[in-house]
Amino acid sequence: MRAGDRLLVDFDSLGADADAWLDFAAGSGGAAPTLAMAKVDPDADFSYDYEDLAFGRIGPCP
């Protein structure tokens, strides 16, 4: 679901406290764009450690 410039990921099976924001940022100086995730609820269970995920582009989009 789009909410302004962000995308919201709704994990139905995990409960509302597991929901996450997806944030895209353009790469600078020829770098690839980045993708980061963050908890919607900052007080959510610590095991939803989305901030620790490191997404990397491995090839061009088809």
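Residues numbered from 1 in each chain as written. Predicted model: local features only at pLDDT ≥ 70, side-chain atom pairs only at ≥ 80, totals over all residues. Heavy atoms only, no water.

**Let's talk about the pairing of strand 2 (residues 6-9)**
Two faces belong to every sheet, and in a regular strand the side chains alternate between them.
Reasoning step 1: With two bridges connecting them, strand 1 (residues 2-3) and strand 2 associate as antiparallel partners. For A3, the partnering residue across the bridge sits in strand 2 and is R6.
Reasoning step 2: Here strand 1 folds back onto strand 2 in antiparallel fashion, the turn holding two residues, of which G4 has a positive phi close to 70 degrees.
Reasoning step 3: The sheet contact formed by strand 2 and strand 3 (residues 20-25) spans three bridges and is antiparallel. What sits directly across from V9, in strand 3, is A20. (Pairing = 2+ DSSP bridges. Helix = DSSP H or I, 4+ residues; strand = E, 2+ residues; numbered from the N terminus.)

**A closer look at the environment of D41**
Reasoning step 1: Position of D41 relative to the elements: it lies in the segment after strand 4 (34-39).
Reasoning step 2: Take D41: its relative accessible area is 32%, and that puts it in the partly exposed class.
Reasoning step 3: As a C-alpha pair, D41 and P60 span 19 residues in sequence and 33 Å in three-dimensional space.
Reasoning step 4: Polar side-chain contacts of D41 include one of 2.9 Å to the backbone nitrogen of D43. (Buried < 20%, exposed > 50% of the residue type's maximum accessible area, 1.4 Å probe, protein only. Polar contact = N/O pair within 3.5 Å; in protein donor to acceptor, adjacent residues only side chain to side chain.)

**Examining the sheet that holds strand 2**
Reasoning step 1: Read across the open sheet, the four strands follow the order 1-2-3-4; overall the sheet is antiparallel. The strands lining the two open edges of the sheet, one partner per strand, are strand 1 and strand 4.

**Examining the packing of aromatic side chains**
Reasoning step 1: Per the counting criterion, the structure on display carries two aromatic pairs.
Reasoning step 2: Residues F11 and Y50 carry aromatic rings whose centres are separated by 6.1 Å and whose planes lie at 20 degrees to one another, so their mutual orientation is stacked. With F11 in the loop between strand 2 and strand 3 and Y50 in the segment after strand 4, this pair connects stretches of sequence that are 39 residues apart.
Reasoning step 3: Look at F11 and you get partly exposed, because its relative accessible area is 27%.
Reasoning step 4: On the numbers, 6.2 Å between centres and 15 degrees between planes, the contact of Y48 with Y50 is stacked. Each member of the pair, Y48 together with Y50, is buried. (Phe/Tyr/Trp six-rings, centres within 6.5 Å; stacked < 30°, edge-to-face > 60°.)

These results come straight from atomic positions and should not be treated as a statement about function.
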